[in-house]
Structure formats: C-alpha cells, structure tokens
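# An overview of the molecular structure
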Amino acid sequence: MKDKYLKLEQFNYKKLKFSNSTRCLIFGSFGAGNQGDESILLGQILELKKLRIKEITVVSENPKIVRKIHKVNAVSHRNIIGVIGKILESDLIIIGGGGLFCKNFNSIMGIIYQVSLLFYFCLSRLSTKNVYAIGIGFYENQNVIMKFLFTKMLSTFKMVTVRDFHSYNRLIKSNVSSFIFKDTSFYMPLLPKSKVYKATIYTRDKIKGQKNIGISLAYHSKSNKSTEKLIRSISQFIISNPKDIYWFFPLNSIHNDKSGDSVLGRNLYESIQRQYNKPIAFKFVSHKLQPQEMFSAFKFMDGFIAMRLHAIIFCYRLNIPFVGISYDLKCNSFLHSIGKNSFKFTTH
C-alpha cells in the first residue's frame, strides 16, 4: 500500500479572513485530558499568533486546563451566556477539534453537548461571522440525525478542511465542499531531546543492545474481552523481549494518573508481574507533561505500540517503527492513508 499522506500539505492560516484587530474564537474538544487534542490546539494557536491575531479565546471542556497549558483566554462550553458573548464579539470563528463531529454520544449529556454545539454554530452563522472548520474528522460513528444536521451546518461555513481521506470522501458524498490537509498537530514544533531529557526519559543507563519501546493504549470505561486480550497479547510480547525498556505514555490522563489511559498501563504492568517473576524495565512517563514535552519524548523511542491516534501520527512524523492498533475509524483511516495495515480492536 502506498503512503498517500506524505503528499498532503499543511493548511495555510493566511487563507483565513482576518485583520490585526481580529478576535478569534476556537471550538474543540480541548481541556478534556487528551494530549492529542491539546497538540492540535497548540498548533492552531502558534499559527494564529504568527498572524498577530489580537485575541484568542477557546471554548473548552476545562478552561482552567486550557489557560494553564496554552496561556490564552478560555470559556466553558457549559457557560452558555459566556459563549454567546464571545461569539458576538469575535470576528473569526474556528471549529478545529479533530474528531469533534464524530463522537457517537448516546447518553443524555452527550446529546445535550452536541445540541449545544449546533446551537453555537447556528448562532455564529446567523451573526454573519466568518466560520471555518479546520482539520476536522467526520466519520460514520455518529448519531444519524446529528450527522445530517452537522453536515447541513458544515455546508454553510466559509471553508471546511479535513484531516484524512475518509472524512474527505464522506463530506464530498454529502455535497459538502472540503479540502484535505495534514492533521493540525503537525504545526506543533517538537522540542530537542536536551529540553525534555530530565523531565521524561533517562537513557544513559541503557545496556548495549537494549531498545526503548513506547506504548500508548486507549482507555475505555467499559472493559471487555477485547481489552483483556489486548493486555495479554502485549504482556506476552514484553515477556518474550524482557531485556528492552518499556515506556507507557498516558496520552489521555492529563488531569491525574489514576484514570484514563494510566488505568490500562497499570493493568498491563500487573499482567506482566503475574506471568513473569524476573524484573522487567517498565516505566510510566509522567502524565503532567505538556503536549510538546510528551510527544517530543517519542524521539527517545526505538519502536512503538501505538493505539491512540496521535501516538500513531507522531510515530509517523518522527519515522519511528510502530505497530498501529485501530480502535476507531479515525485510526484506521490514518493508518490506511500511510499504507499501513492495522490491528483491529473493538470496544464493544
């Protein structure tokens, strides 16, 4: 299979209609503990700052986290009055949260969240704002009604760009004009090893012949037989290669190390201990790292078991040999576009 992704360009933010007095409002799945989403946001912010945008505000899950990481204004998507106020005073509105449109929320809170997004986007258009959807993912795993409504909404935007071929084909079939560019996280510059060395990976004690192997797994609240099988398979691989050093990257545990991906990391470590009575170097990368530090630490890896989409993307970006595990259409789409087969994982 050929690598179709290599030929894609990065979106040029100069194509946006703006001035030096422009106030920009960004919507997305930010502040929710996902390092991949934060790398998307950081890439956008850095590009917008180059254009000397007067003010950037982010509508997010957790404004406190966004303000801490990105040093920009933020407002909770639950703060309806606050968001409406920001929509009305903004000149430029960007929907840029990766898979913002692909979540299949069946719970009451999930439906409320998507309805609130539709309301905000409708208000943005009614206010004759310049609205752009930049680097989004659009997949089948969405409520049919919401998919129809979001599709209609996207067709009214100033410009729509997507991050993969699957999303592009879906929107074209729905008569939504769109363009395909690389994921916005490609705009986030990576740090040199010297700047992340002390905070992340210690390689000076490596014995000759040892390799650093990174692991990133995607946590789901409903553990099932597929999860147990995955843990067993990876633990057996590690036990078969006991001399290497294994690093678990919690890419969805920004808030603490007791939840999210860290749960799978601990389950994996416990599985190894039950099956192998000799020491194995299994280390946890700190969940407190900023997105640049976290993904820059990938540079220390000689190989990777990657399940999170942005673990796959940054392995690809850094040319790190990796095994891609697909738990979602977005992963499968990216892996297919770079000419790699994926190991399928079901969450139900």
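Scroll up to find the structure this text is about.
Residues numbered from 1 in each chain as written. Predicted model: local features only at pLDDT ≥ 70, side-chain atom pairs only at ≥ 80, totals over all residues. Heavy atoms only, no water.

## A short note on the environment of Tyr168
Mapped onto the fold, Tyr168 is located in helix α6 (residues 165–173). Judged by its relative accessible area of 27%, Tyr168 falls in the partly exposed class. In the structure, Tyr168 is positioned eleven residues away from Phe179 in sequence and 7.1 Å away in space, judged by C-alpha atoms. Apart from residues lying up to four places away in sequence, Tyr168 is in contact with Val162, Ser178, Phe179 and Ile180. (Helix = DSSP H or I, 4+ residues; strand = E, 2+ residues; numbered from the N terminus. Buried < 20%, exposed > 50% of the residue type's maximum accessible area, 1.4 Å probe, protein only. Contact = heavy atoms within 4.5 Å.)

## A closer look at a nonpolar patch on the surface
Together, Ile108, Met109 and Ile112 give the surface a local cluster of nonpolar side chains, amounting to about 350 Å² of exposed area. Note that Ile108 resides in helix α4 (residues 108–126). (Patch = residues over 30% accessible without salt bridge, like charges linked within 9 Å, V, L, I, M, F, W, Y side chains within 5 Å. Areas by Shrake-Rupley, 256 points an atom, 1.4 Å probe, with all protein chains shown as cover. Salt bridge = Lys/Arg side-chain N within 4 Å of Asp/Glu carboxyl O.)

## Considerations on empty space enclosed by the protein
With the rule as written, the count across this model stands at three cavities of 30 Å³ or more. Looking at the largest cavity, its volume works out to about 50 Å³. Lining the largest cavity are Phe11, Tyr13, Ile134, Gly135, Thr161, Phe181, Lys182, Thr184 and Tyr187. In the lining of the largest cavity, the residues fall into five nonpolar, three polar and one charged. (1 Å grid on protein atoms, 1.4 Å probe; cavity = no way out; pocket = protein on both sides within 12 Å on 5 of 7 lines; lining within 4 Å. Points joined across faces, edges and corners; volume = space filled by probe spheres on them. Nonpolar A, V, L, I, M, F, W, Y, C, P; charged D, E, K, R; others polar.)

## Things to note about helix α2 (residues 63–70)
Here α2 has its buried residues at Pro63, Ile65, Val66, Ile69 and His70. One side of α2 carries all its buried residues, which in axial view fall inside an arc of 160°. Of the exposed residues in α2, those oriented more than 90 degrees away from the buried face are Lys64 and Lys68. On its buried face, α2 sits against α1 (35–50), β2 (55–60), β3 (73–76) and α10 (291–296). Lys71 lies just past α2 and shows a positive phi near 55°. (Arc of directions from axis to C-beta.)

## Looking at the pattern of salt bridges
Counted by the stated rule, this structure contains six salt bridges. Across the salt bridge formed by Asp183 and Arg163, the nearest N and O atoms sit 3.5 Å from each other. Of this pair, Asp183 sits in the loop between β7 (179–180) and α7 (193–196) while Arg163 is found in the loop between β6 (159–162) and α6, placing the two residues 20 residues apart along the sequence. Judged by its relative accessible area of 2%, Asp183 falls in the buried class. With a closest N to O distance of 2.8 Å, Arg308 and Asp261 form a salt bridge. Residue Arg308 is found in the loop between β11 (303–306) and α11 (309–317), and its partner Asp261 is found in helix α9 (residues 261–275); the two are separated by 47 residues along the sequence. An identical accessibility class is assigned to Arg308 and Asp261; each is buried. Salt bridges here are not isolated pairs; linked through shared partners, they connect Glu55, Lys86 and Glu89.

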